[in-house]
Amino acid sequence: MVTVAAKTAFPAHDPRWLIRNEARTYDKFPQHLQEEWCGYNLVTPIRYPVPVGAVVPKFYGYYEPFEQHAGPHKAEWEKRSPILLLEECGSPIEPKNFSLDERAECYSLLLRLHLADFVQNSFYVRNILVQPGPLTAPPEKRTMSKPSFRIIDFGRAQYFPPEVASDKKKWDEFKEARVRETRKAMEELEFEHGMLT
């Protein structure tokens, strides 16, 4: 059983573009970014194992309103928002209350996103959600002592498929975006120099 979140957009060009880009990004995510896993993994530059779970919410579809016929109600039709349906994944994190292991786990999600050739382009702590876990346990047995984290909000995300590597300009853009996002993550997750080594 899952709880689904429905995301909508304001009736303007930019919000509609963002929600459409987010849907396209979810559609491009490889399945392993949305699946629950058990165990630990090494994700460099973190030098110790971190728990492996899903990186992003499960995607249940994107639905746009369509105009059945033109007429006097066209303005009303244009106000209807597309709907993005996703797994509901909890509340925004508060890193000041986190242990080093919890900060590293959140950071590892971003690194795994980068390894899958995506940049989120809007990395803030409000875009990492936490809920009681593990999600492989029944709801009544989940606790915050084993939290589950997810990165959300992919309206500004970009995908750089492997074939982009042959295009030096695009590949350099991807590398620069990863570096910028990594620095932002370190700042947002309140890491001090050398904390991950």
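Description of the structure in this document. Just so it is clear, the model here is predicted, and its values are computed rather than measured. (Residues numbered from 1 in each chain as written. Predicted model: local features only at pLDDT ≥ 70, side-chain atom pairs only at ≥ 80, totals over all residues. Heavy atoms only, no water.)

Below, the discussion takes up the sheet that holds strand β5 (residues 83-87). Taken in spatial order, the 3 strands line up as β1-β5-β4 in an open sheet, and their pairing is antiparallel. Two strands in the sheet have a free side with no partner beyond their single neighbour: β1 (4-7) and β4 (59-63). Recorded for the sheet is a direction-independent mean angle of 15° between the axes of neighbouring strands. Two elements, β1 and β5, share 4 bridges in a ladder whose sense is antiparallel. Each residue of the ladder has a partner; that of Ala5, found in β5, is Leu86. Sheet contacts for helix α1 (residues 13-28): β1, β4 and β5; angle to β4, the most-contacted strand, approximately 140°. (Pairing = 2+ DSSP bridges. Helix = DSSP H or I, 4+ residues; strand = E, 2+ residues; numbered from the N terminus. Axes fitted to C-alpha atoms, helices over the stretch in contact; angles between N-to-C directions. Contact = heavy atoms within 4.5 Å.)

Glancing now at the pattern of salt bridges. Following the criterion strictly, the structure yields 7 salt bridges and no others. For Lys175, the salt bridge goes to Asp172, with nearest N and O atoms at 3.6 Å. Taken as a pair, Lys175 and Asp172 lie in helix α4 (residues 168-188) at a separation of 3 residues, close to a single helical turn. Relative accessible area serves as the criterion here: at 23%, Asp172 is assigned to the partly exposed category. With a closest N to O distance of 3.4 Å, Lys184 and Glu188 form a salt bridge. With Lys184 and Glu188 both in helix α4 and 4 residues apart, this pair spans about one turn of that helix. On the basis of relative accessibility, which here comes to 17%, the residue Glu188 falls in the buried class. Look at the salt bridges and you will find they share partners, linking Lys7, Glu22 and Asp153 into a network. (Salt bridge = Lys/Arg side-chain N within 4 Å of Asp/Glu carboxyl O. Buried < 20%, exposed > 50% of the residue type's maximum accessible area, 1.4 Å probe, protein only.)

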